[in-house]
There are 2 protein chains.
Amino acid sequence: MTSRVTIPVLINGEPLDCLSSLDRGLLYGDGVFETLTVLGGQPQFWRRHMTRLRAGCKRLGIPFRDESCLLEEACKITVGSDPCVLKVIVTRGPGGRGYQAPVASKPARIIQRHPYPDGVPACRVDGEAVRLCEQRLGWNPALAGIKHLNRLEQVLARQEWDDPDIREGLLCDRDGRLIEGTMSNLFVIKGQTLATPDLTRCGVAGIMRTVVMELADQVPVQARIKTLTLPDLEQADEVFLTNSVIGIWPVIEVDKQSCGKGPITRRLQDLLANLQSGGDAWQQ
Amino acid sequence: MTSRVTIPVLINGEPLDCLSSLDRGLLYGDGVFETLTVLGGQPQFWRRHMTRLRAGCKRLGIPFRDESCLLEEACKITVGSDPCVLKVIVTRGPGGRGYQAPVASKPARIIQRHPYPDGVPACRVDGEAVRLCEQRLGWNPALAGIKHLNRLEQVLARQEWDDPDIREGLLCDRDGRLIEGTMSNLFVIKGQTLATPDLTRCGVAGIMRTVVMELADQVPVQARIKTLTLPDLEQADEVFLTNSVIGIWPVIEVDKQSCGKGPITRRLQDLLANLQSGGDAWQQ
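Notes on the structure follow. What you see is a predicted model; the values in this text were computed from it and never measured.

The rules behind these values
Residues numbered from 1 in each chain as written. Chains lettered and ligands numbered in written order. Predicted model: local features only at pLDDT ≥ 70, side-chain atom pairs only at ≥ 80, totals over all residues. Heavy atoms only, no water. Helix = DSSP H or I, 4+ residues; strand = E, 2+ residues; numbered from the N terminus. Expected span 1.5 Å × (residues − 1). Buried < 20%, exposed > 50% of the residue type's maximum accessible area, 1.4 Å probe, protein only. Arc of directions from axis to C-beta. Disulfide = S-S within 2.5 Å. Contact = heavy atoms within 4.5 Å. Buried area = accessible area lost by both parts, 1.4 Å probe. Salt bridge = Lys/Arg side-chain N within 4 Å of Asp/Glu carboxyl O. Polar contact = N/O pair within 3.5 Å; in protein donor to acceptor, adjacent residues only side chain to side chain. Nonpolar A, V, L, I, M, F, W, Y, C, P; charged D, E, K, R; others polar. Pairing = 2+ DSSP bridges.

1. Here we look at helix α8 (residues 263–277) of chain B
All names here are of chain B.
Item 1. In a regular helix each residue adds 1.5 Å, so 15 residues correspond to 21 Å; α8 covers 21 Å between its end C-alpha atoms and thus fits that length.
Item 2. Among all positions in α8, only I264, T265, L268, Q269, L271, L272 and Q276 are buried. One side of α8 holds all its buried residues, which, seen down the axis, span an arc of 165°. Exposed side of α8, more than 90 degrees from the buried face: P263, N274 and S277 are the residues found there.
Item 3. Count one or two residues on from α8 and you reach G279, which has phi positive near 85°.

Written out as structure tokens, the structure is:
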């Protein structure tokens, strides 16, 4: 299997991409992950990502104590490869058969360096076309918000289209509430209000989502977490998506219906760029 | 990592327990699995397990075409190790970053041999105590029924107790409908009716569940798939659980409330034992 590896990987600090099939990350998706951009030699918003990783491990009951190794390993694997994307996975580690966790779990840490994807900066300017997915997100408050490894809903949603001009699909919950994109969080602007869906029942609370909420004061707009449905999307003045790799992407089309790019999205992009070019975003 | 391996494993036919961390089974739980008992040199109900595996791959869009290798590899890994438990995992194989599946996926097949667990035959006679879990199962009709690798709901439910005298926990959906155990399917008997929950919104449709439904005619009782709630459990004449390893386990206690073991459960156990001792269960 190792012959297929085409990217640098560290597993528990070792440069060998070889995970036991007894790892509960494989068997049950029993783990969490973070995806970060490395710019100017710095993994952006590192502290925030580590806070979410820690919260995810706590929620799942994974006794992960090697957080201090992660920054060292992240720097080691990304040095001289700027910009790039860093993926950090923590699983509960190896287990036996059956759902019961081992009494003494030995969590595994996996760090991968991926290429920075093409087209990200262009989409920030030009905006992107998205679609509404038929796949619905199931409710599970115990798992909502964290970035765990059970991602089949997203995999199924992403299979609904293969048009390369559509960059993202939006997902509702079973009751028709808008929740997020397959890989991004959703924001809609109406008047002076910036709103993003409530994620207490399902969805991933993205790091960039929180950053954008915090930047809202400087626009200034009022940031709100609220229930959003399709009419909110149709009536929005501006719509955009966020994640740690894309930053902020204006949405210009939802299922062929135009959305307007607008000044508040651009202002937020500028504020984010300023924050990241300041060189201290990694500490946040 | 390979130093930790304590059980025989074949990955794509190779006796090396080394999976790439780029495998989508790890990254997203993008795969399915089967757990079988090997008795008398035969993986029990092999054909049925393969039918479900195939259905699961189809549902997830995994182009798995190496089913013919699985029986050969299963026999190879279990020869002379009777009884034992066989775990068969098929993932979509390695991928890049992002939910979109590779255009040409190369599914991975993973076969593990596990020890036959202690206490299974005794529980068939003595019955088991179970509990009601607080964890609820989210609805996702697109994933319901198949045995996929997204199993965090079961992991969280199993963490709710560590009393070794409680062997299983029962799970409801968000609306309070009884669905299944963390690792088993649920049956309740009232009068001459044998009922098991509907699994079109969530839950795993177990192979042993289907076998038991088919054996009902010979009891005889009327087998029904229906909505079950807690009062159905409280008012049942008999309650039992099924899976491919335990077979049929009578439930004698739910949260300290006694359930009666009874004649219909015993009759079904006898019918199952006859079927399996006949030596052709593996072909079914």
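2. Structural notes on unusual backbone geometry
Item 1. Here the amide bond leading from V219 of chain A into P220 of chain A is cis, since omega sits at -5°, within 30 degrees of zero.
Item 2. Look at D255 of chain A: it is not a glycine, yet its phi comes out positive at around 50°.
Item 3. Turning to its location among the elements, D255 of chain A is positioned in the loop between β13 (247–254) and β14 (257–258).
Item 4. For D255 of chain A, a relative accessible area of 37% puts it in the partly exposed group.
Item 5. One non-glycine residue, K256 of chain B, lies in the positive phi region at around 75°.
Item 6. Turning to its location among the elements, K256 of chain B is positioned in the loop between β13 (247–254) and β14 (257–258).
Item 7. Judged by relative accessible area, K256 of chain B falls into the exposed class, the value being 64%.

3. Some details on the state of the cysteines
Item 1. The tally for this structure, following the rule as stated, stands at one disulfide over all chains.
Item 2. Here C18 of chain A is linked by a disulfide to C18 of chain B, with a sulfur-sulfur distance of 2.2 Å. Taken together, the residues span two chains, with C18 of chain A in the loop between β1 (9–11) and α1 (24–28) and C18 of chain B in the loop between β1 (9–11) and α1 (24–28).
Item 3. C18 of chain B gets classed as buried once you look at its relative accessible area, which sits at 6%.
Item 4. In this model C133 of chain A remains outside any disulfide bridge; the closest cysteine sulfur is found in C172 of chain A, 9.2 Å from its own.
Item 5. Residue class for C133 of chain A comes out buried when judged on its relative accessible area of 9%.

4. Thoughts on the interface of chain B and chain A
Item 1. Contact with chain B, which involves 63 residues of that partner, is made by 63 residues of chain A.
Item 2. Together, the buried faces of chain B and chain A total about 5600 Å²; carbon and sulfur atoms form 60% of this surface.
Item 3. Along the contact surface separating chain B from chain A lie two salt bridges.
Item 4. Two residues, D175 of chain B and R174 of chain A, come together in a salt bridge whose shortest N-O distance is 3.3 Å.
Item 5. The interface formed by chain B and chain A holds 23 residue pairs in polar contact (both at pLDDT 80 or more) in total.
Item 6. In terms of residues, the side of chain B that touches chain A owes the most to one element, helix α5 (residues 152–158) of chain B, which gives six residues.
Item 7. Of the residues belonging to the side of chain B that touches chain A, the class tally is 28 nonpolar, 20 polar and 15 charged.

5. Let's talk about the environment of Q284 of chain B
Item 1. Turning to its location among the elements, Q284 of chain B is positioned in the segment after α8.
Item 2. Setting aside residues no more than four positions away along its own chain, Q284 of chain B makes contact with F45, W46, R47, R48 and L275 of chain B.

6. With respect to the sheet that holds strand β2 (residues 31–39) of chain B
Residue and element names in this part refer to chain B.
Item 1. Taken together, the five strands give an open sheet; going across it, the order is β1-β5-β4-β2-β3, and neighbouring strands pair in antiparallel fashion. Here the strands that pair on one side only, and so sit at the sheet edges, are β1 and β3 (42–43).
Item 2. Pairing of strand β4 (residues 84–91) with strand β5 (residues 108–115), which is carried by eight bridges, proceeds in the antiparallel orientation. For T91, the partnering residue across the bridge sits in β5 and is A108.

7. Details of the environment of T265 of chain B
All names here are of chain B.
Item 1. Take T265: it is sitting in helix α8.
Item 2. Along the primary structure T265 and V188 are separated by 77 residues, whereas in three dimensions their C-alpha atoms are 9.6 Å apart.
Item 3. Contact partners of T265, with chain neighbours within four places excluded, come to I189, E238, F240, I248 and P250.

8. Re the side chain of S244 of chain A
All names here are of chain A.
Item 1. In this fold, S244 is placed in the loop between β12 (238–243) and β13.
Item 2. Looking at S244, the relative accessible area reads 15%, which means it is buried.
Item 3. A distance of 3.2 Å separates polar atoms of two side chains, one belonging to S244 and the other to H49.

9. Notes on the pairing of strand β12 (residues 238–243) of chain B
Residues and elements named next belong to chain B.
Item 1. Of all six residues in β12, six are buried; the element is thus mostly enclosed.
Item 2. On β12, burial covers both faces: E238, F240 and T242 on one face and V239, L241 and N243 on the other are all buried.
Item 3. Alignment of strand β9 (residues 185–190) against β12, held across five bridges, turns out to be antiparallel. Its bridge partner lying in β12, L186 is registered against L241.
Item 4. Two strands pair when backbone bridges link them, and β12 and β13 are joined in this way by four bridges, in the antiparallel orientation. Bridge pairing in β13 links F240 to P250.
Item 5. Where β12 folds back onto β13 in an antiparallel hairpin, the turn is made up of three residues.

10. Some words on the pattern of salt bridges
Item 1. Scanning all chains against the criterion turns up 26 salt bridges over all chains.
Item 2. With a closest N to O distance of 2.5 Å, D30 of chain A and R92 of chain A form a salt bridge. With D30 of chain A in the loop between α1 and β2 (31–39) and R92 of chain A in the loop between β4 (84–91) and β5 (108–115), this residue pair connects regions lying 62 residues apart in the sequence.
Item 3. By relative accessible area, D30 of chain A is classed as buried at 0%.
Item 4. Linked through salt bridges whose partners overlap, the residues forming this network are D173, R174, D175 and R177 of chain A together with D173, R174, D175 and R177 of chain B.

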